[in-house]
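# Summary of the model geometry
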Amino acid sequence: MGDDSEWKKLPTDQKCEHKVWKARLSGYTEALQQFQRITDEKSPEWGKYQGLIKKFVTDSNAVAQLKGLEAALAYIENAHLASRTAGEVVSGVVCKVFNQPKARAKELGSDICLMYIEIEKAEAVQEELLKGLDNKNPKIALACVEVLRRAISEFGSKVVTLKPVVKVLPKLFESREKAVRDEAKLLAVEVYRWIRDALRPPLQNINSVLLKELEEEWAKLPTSAPRQSRFLRSQQDLRAKFEQQQQNAGDGGDEGDAAPAVDAYELLEAVEILSKLPKDFHEKIEAKKWQERKEALEALETLTKNPKLESGEYGDVVKALNKVIGKDSNVMLVTIAAKCVAGLAAGLRKKFSTYAGHLVPTILEKFKEKKAQVVQALQEAIDAVFLSTTLQNVSEDTLAVMDNKNPSVRQQASLFLARSFRHCTPTTLPKSLLKPFCVALLKQVNDSAPEVRDAAFEALGTAMKVVGERAVNPFLADVDKLKIDKIKECSEKVELAGGKKPAGPAKEKAPPKAEPPAEAPAKPSGPPKKAPAAKVNHLQRWDSFIHSCFFTRVLPEVCEERAGAVLPASCMQTLDSANWKERLAAMEEFHKAAEQMDSKEMPCQALVRMLAKKPGWKETNFQVMQLKMQVIATVAQRGTFSRTSALAVLEPVVEKVGDVKCGVKAKEALTGVAEACGLPWTAEQVVSLAFGQKNPKNQAEALNWLCNAIKEFGFAGVNVKAFINNVKTALAATNPAVRTSAISLLSVMFLYVGAPLRMFFEGEKAALLSQIDAEFEKVKCQTPPAPIRGGSKASGGEEADEQEEEAEAGDDVVDLLPRTDISDKITSEMLSKIGDKNWKIRKEGLDEVTAVLSEAKFIKPGVGELPTALKARLTDSNKILVQQTLSILQQMATAMGPAIKQYIKSLGFPIFTVLTDSKNTVRAAGLTTLNGWVEQTGMKLWLEGEELAEEMKKENPFLRQELLGWLVVKLPALRSVPSDLLLCLPHLYSCLEDRNADVRKKAQEALPVFMMHLGYDKMNKAAAKLKVLFQTLLGLQYFIYRLCLHCGCAWQASWSVSHGVL
């Protein structure tokens, strides 16, 4: 008792430091009461406790600590000195409070942290909380994550810095404690709520399963911008504004501006790459051997792929890259160097502006290169460089090349200006800059090259979109109306980067948009329309995707309410009746109501979810179940049926697809869903669900439905790779019906994909492969049927556009096949073998190429320097190697598909050199290879330019007779030909006078074929210098050709002349 009497006499501040816990408890209680009584935040009483607040929160006695936490919270809330204690107090809370078992202690600790944020100490609080994440005690780490989430939720991304939070998320996801991982997911969802797609790049390397779970949670978030719910002391004016906006929103007013999008770049950690460059980088990049220069560039390219780079002295690196781009003769190295420049500029952003002046003129001059791959890399490089600087800084260099002799340079300079203008505003594109650009571009409007004129129109149209017609019109005074209309047309098509608004008269403010409905129409099946060239905000693009495909799941009680509003009351009451007859009657009413319902007001998701009402999908009466399937089909076909609605019913429908009594109706329901949501998505879901079950009957019938669906909807947009994997699974099934259905599906796919499809199944057993071949043989000569479903819900104009796009996509279905990048397998060692002096080593190199192509089956266009190496082997002295090279080229064309067309000039035309060989077998192999290339590229590309005429010019009898015979076969199948075919006429007439009789005969056969496309007048004019005999021959052939046309035998004209009817 004596001890008690001693400490009771002590002042409050001394009690708070006493050794006896009861004394401290008493002191904390008195301090709390005192803090609540003080009204002046600058009272000297606050100073007595400034050094004691940490002890308040770290008290060793749990009972005293609770009271100390309450007192500390009151002190922080009211004292002007409280901000000075933030670091030590929050550190104490993290270490000594968050590990306590009592929930009240943790709650008070969290409140203290948030109160420090409110009094402007967010940085100190965040620093201590992030330190707490590394604590070995999982309770502390968990509490720190919770407080961070609360802080972001209440104060928002402007108060709490998100960059360090995003940085620690991957580490939290790897925590051993499930509670920490779960809370980290909630934190990631909260961060995503504020910054949206900016969170994706930092999390791109986390576990794919976890990322998928996060994607699902993110999809559930509302699309409206989040708002602060708690404000700093300095934000009281903002608080009043928000409250006013909420009041106005309640009265139907404006809801306020959306939160600004966050740049993902700002959340990334900068990477230092200069020290990571190879020590011999500068020596190798100056080396004479291109392989060494390539090695140095590839090392740099790998480093520049980091999205954010640390600033440093890049002058020497940029100088080396500038030299490669400007002077290196190897276009592959130029491409890699351009990619390095783009990576550096994108990673450094404004810090790269110092080097922009050195690179822009070099890149613009290099646009003389004609190879698409090089041009694309240069475009990406100069665009990235522009974003690091200003239009003013690059204007002089750009104007300097506008009068370049090379039309490609002029064209690309104008296109560069068009892309650059999209990033400008009326402020950054003033009249002083606009005038010289308009003068230069107006000169190009009258350029002789059409591509230069088009590029100039696009640039002028973009400038007009940015600054408005009024600013551009003074420069168009002497331009004729047609050209002005063209500029305006281009202006209307332009979309400015970042969603910037064009200059011009202010438009009347549009009324606020209504909330998106729970259901919205899914996109019809078919390939998606091409997006405009302008960049689109990632946040808007993702939100648009969410709204169009994955709508928020409606709660069960909301479903019942919405369904009750459109369905008869008797139907709602008896849907879950124990009597099957009553349920049957209810479903009949349900179906009738769905058929008569207004499609715009139909709550699709609510209706299909009502079908799951007890007994739901466990319904034992087949008549009731059939009606349920009919309802799904009707709702999907008539209403605005989303993928969320589809996911609610697809699994039970697939379960019934193999049912004897309900299977037909189930397939009709699947067809309805496919019409609403698109066949590609629906088919993927159906097959996945079917093979997720163990019922072979369902699997077989699902594949059978898919066979018919592909014929009805077409094959556009279908994920070929996923289908092939599923078909392989089905082919390995023990049930024969499943295997048979899989083979039937393959035969349908063969109609659209063709022969390349078989390559995926070469590893199957011989017996199974023979069955597949037999099915392919049955449909080999058939053409795929025209789609009859898939676009019915589009408006007239849209439907026509989509059908046109689908037709275009149908021409190149092979492009849907998954392709392998083999560029890394085409090694310098392999290329050196192909060029070796020893024919055995050359053969070994060709064998390696064959093995790479055979393994990959379908390849991407990039094959490095392989075309150059193979071109040299077409003139090999060893004819066996020539034939092997031709075989590789044919295999390469089949593997690469239509993309092989980019190698026509460099590798396709050199095949004609093989036709000069005296051996029939070699020439036959050359023609076979040519035909294989034409199957992939089409014939017209071979007729463009002077290359074909140059081949006909060569006075080799074997080449001439084979080439003319090839043209006689190929040209009649074309409806039109390029005008460059005229260049071949002098050489065709020269062949008529050739010493070799076979050449003369082939030339005579080719005459009517050329006449079909070029006409008699052009051919007669070109024949003015021929001998009279040949002019007479030409006249007789024309007479026979016209006679056959008059009789309706156009193609017989060619046959009659070529077979010596004359």
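Bear in mind the structure is a predicted one, so any value in this text is a computation, not a measurement.

Cut-offs used in this document
Residues numbered from 1 in each chain as written. Predicted model: local features only at pLDDT ≥ 70, side-chain atom pairs only at ≥ 80, totals over all residues. Heavy atoms only, no water. Salt bridge = Lys/Arg side-chain N within 4 Å of Asp/Glu carboxyl O. Helix = DSSP H or I, 4+ residues; strand = E, 2+ residues; numbered from the N terminus. Buried < 20%, exposed > 50% of the residue type's maximum accessible area, 1.4 Å probe, protein only. UniProt positions renumbered as here; feature names shortened; annotations may be inferred. Core = buried A, V, L, I, M, F, W, Y, C linked by side-chain atoms within 4.5 Å. Contact = heavy atoms within 4.5 Å. Phe/Tyr/Trp six-rings, centres within 6.5 Å; stacked < 30°, edge-to-face > 60°. Lys NZ or Arg CZ within 6 Å of the ring centre and 35° of its normal.

### Remarks on the pattern of salt bridges
- As enumerated under the stated definition, the model contains 53 salt bridges in all.
- A salt bridge links K171 to D134, with the shortest nitrogen-to-oxygen separation between them at 2.8 Å. Pair noted here: K171 is in helix α11 (residues 163-173) and D134 is in the loop between α9 (122-132) and α10 (138-155), with a separation of 37 residues, a long-range link.
- With relative accessibility at 55%, the residue K171 sits in the exposed group.
- Among the ionic pairs, R410 bridges to D447, the shortest N-O distance being 2.9 Å. Taken together, the residues R410 in helix α23 (residues 407-421) and D447 in the loop between α24 (431-444) and α25 (450-467) connect sequence positions 37 residues apart.

### Focus: the UniProt feature "repeat: HEAT" (unreviewed entry) in the chain
- As recorded in UniProt, the feature "repeat: HEAT" (unreviewed entry) lies at residues 434-475 and 984-1021.
- Helix and strand shares over residues 984-1021 are 84% and 0% respectively, and the end C-alpha atoms of the span are 14 Å apart.

### A short note on unusual backbone geometry
- For E120, which is not glycine, the phi dihedral falls at a positive 80 degrees.
- With respect to the helices and strands, E120 occurs in the loop between α8 (103-118) and α9.
- A residue is classified by how much of its surface remains accessible, and E120, at 38% relative accessible area, is partly exposed.

### Comments concerning the nonpolar core
- Counting residues in hydrophobic clusters, the biggest one holds 86 residues, and the most contacted among them are F590, F641 and F761.
- When residues of this core are assigned to their parent elements, the largest contribution, 11 residues, is made by helix α39 (residues 736-753).
- If near-sequence neighbours (up to four positions away) are discounted, F590 is found in contact with L567, C571, L575, L607, M610, L611 and V631.

### Things to note about α9
- The buried count for α9 comes to 8 of 11 residues, which makes it a mostly enclosed element.
- Buried within α9 we find A122, A124, V125, Q126, E128, L129, L130 and G132.
- The inward-facing, buried residues of α9 abut α7 (86-96), α8, α10 and α11.

### Here we look at the environment of L442
- By secondary structure assignment, the location of L442 is in helix α24.
- Take L442: its relative accessible area is 15%, and that puts it in the buried class.
- Along the chain, L442 and R453 lie 11 residues apart, while their C-alpha atoms are 9.1 Å from each other.
- In contact with L442, not counting residues within four places along its chain, are L460, F475, L476 and V479.

### Description of the packing of aromatic side chains
- Summed over all chains, the structure comprises 17 aromatic pairs.
- When the ring of Y192 is compared with that of W218, the centres are 4.4 Å apart and the planes differ by 5 degrees; the resulting orientation is stacked. Here the residue Y192 occupies a position in helix α12 (residues 178-195), and W218 occupies one in helix α13 (residues 208-219), the gap between them amounting to 26 residues. Both residues of the pair, Y192 and W218, belong to the buried class.
- In this arrangement the basic side chain of K628 is found over the ring face of W617, its NZ or CZ atom lying 5.5 Å from the centre.
- Against the face of F622 rests K661, its NZ or CZ located 4.5 Å from the ring centre.

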